Amino acid sequence: MNNKMIQRHIKPAIFIHWFNAACWLLLLVTGLGLIKNPALTPVGMWWPNTLQNLVGGGELLFIHVTIGIIWIVGYLVFILMNPKEHLFKYTREILTVSPVRDLLWLFKKMVILTLGEQMLKRFGMDSQLPEQGFYNFGQKFFAVPATFGGVVIAVTGIIMTLSKFMYVNTALVQWSILIHFVVVGLVFAGLLIHIYMAALLKEERPAFFSMFTGMIPESFVKHHNKLWYEEQMELKR
Ligand code: HEM
């Protein structure tokens, strides 16, 4: 058995991922506390009531906005540290899709996870998954809305905040409220699957640990991220 470890994530990428996760958690907790309409809150009114009794409505908004600003500034610093790697390479990676290969990967993976490998045989297919790059198609399927959704959430958040201090077109503010709310909900739905796949699936454990140590077994990427592995080997030659 080959136990050799190779580098998958660099330290700044690991830091920004967990910084992002922490900011998301705090923004969700405080954001849910800001909802005043009982028909719109997914957790019931007990949460907004508890938080607002604890810190006060105005203060809760201040805390939410402050975390949002820390989140945006953190990302801007990360991108400016190395725009080529942290913005352009990453964006190209998550947007590079080979439709036939990747849709087949997604179909087979979903069948294996839900109905089992045997079912693939009924469809006349083997259980061999098409080769994948640095991220598999499932990860890209979440990374794209999470990344671009994050930008939309940040921009609409800034518009809403500015409207508290200066005149901003009323229609723009109302659209921002709606879009902010809807996009957070959509990314959150994807996030539940992301966390399940990344943290709970035993098969994906080496990728989970790599998000802490940066290192991953060579045997794992040879199998799960073959195209990226071959690219790395080519670069070393
Ligand atoms: C407990 C929470 C979380 C866990 C356990 C987790 C786990 C992981 C792991 C293990 C990877 C690396 C996959 C690989 O290398 O193959 C990853 C990547 C990623 N995660 Fe998470 N994640 C969490 C929260 C979040 C949140 C809140 C977001 C954003 C809304 C997010 C967005 C991403 C994105 C965009 C990637 C791909 C880009 C990157 O490598 O940073 N994750 N996650």
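## Side note on the coordination of the iron atom of the ligand
At 2.0 Å from the iron atom of the ligand lie its protein donor atoms, namely His 17 (NE2) and His 194 (NE2). Classification of the site at the iron atom of the ligand as octahedral follows from its six donor atoms and the range of 85 to 180° in their angles at the metal. On the criterion of sequence distance, the pair formed by His 17 in helix α1 (residues 11-34) and His 194 in helix α8 (residues 170-200) is long-range, its members being 177 residues apart. The exposure class of His 17 is partly exposed, given its relative accessible area of 23%.

## Examining the pattern of salt bridges
Within this structure, the stated rule accounts for eight salt bridges. Between Asp 102 and Arg 101 there is a salt bridge, with the nearest N and O atoms lying 3.2 Å from each other. Between Lys 226 and Glu 131 there is a salt bridge, and its shortest N-O distance comes to 3.4 Å. Linking Lys 226 in helix α11 (residues 226-236) with Glu 131 in the loop between α6 (117-122) and α7 (137-165), this pair joins segments that are 95 residues apart in sequence. Beyond isolated ion pairs, a larger network of salt bridges with shared partners links Lys 109, Glu 203 and Glu 204.

## Here's the deal with the environment of Phe 78
Within the fold, Phe 78 resides in helix α3 (residues 57-81). Accessibility expressed as a relative area gives 9% for Phe 78, which makes it buried. Among all residues touching Phe 78, those that are not within four sequence positions of it are Pro 12, Ala 13, Ile 16 and His 86.

The rules behind each value
- Numbers given to residues run from 1 along each chain, matching the order in which its sequence is written.
- Two thresholds apply to this predicted model, a pLDDT of at least 70 for residue-level local features and 80 or more for giving and counting side-chain atom pairs, whereas whole-chain, interface and lining totals are computed over all residues.
- Neither water nor hydrogens contribute to the side-chain values; these are computed over all heavy atoms in the structure.
- Counted as donors are N, O and S atoms no farther than 2.8 Å from the metal, or 3.2 Å for Na, K and Ca; water is not among the atoms, and sites may therefore look incomplete.
- Irregular is the default label, applied whenever a site is not tetrahedral (four donors, all angles between 85 and 135 degrees) and neither square planar nor octahedral (four or six donors, opposite donors over 155 degrees apart, all other angles between 65 and 115).
- The way it works is that DSSP assigns letters per residue, a run of H or I at least four long becomes a helix, a run of E at least two long becomes a strand, and they are numbered from the N terminus.
- Think of it in three bands: residues with accessible area under 20% of the maximum for their type are buried, residues over 50% are exposed, and the middle band is partly exposed, with areas taken using a 1.4 Å probe on protein chains only.
- We count a salt bridge whenever a side-chain nitrogen from Lys or Arg sits within 4 Å of a carboxyl oxygen from Asp or Glu.
- We call two residues contacting when some pair of their heavy atoms lies within 4.5 Å.

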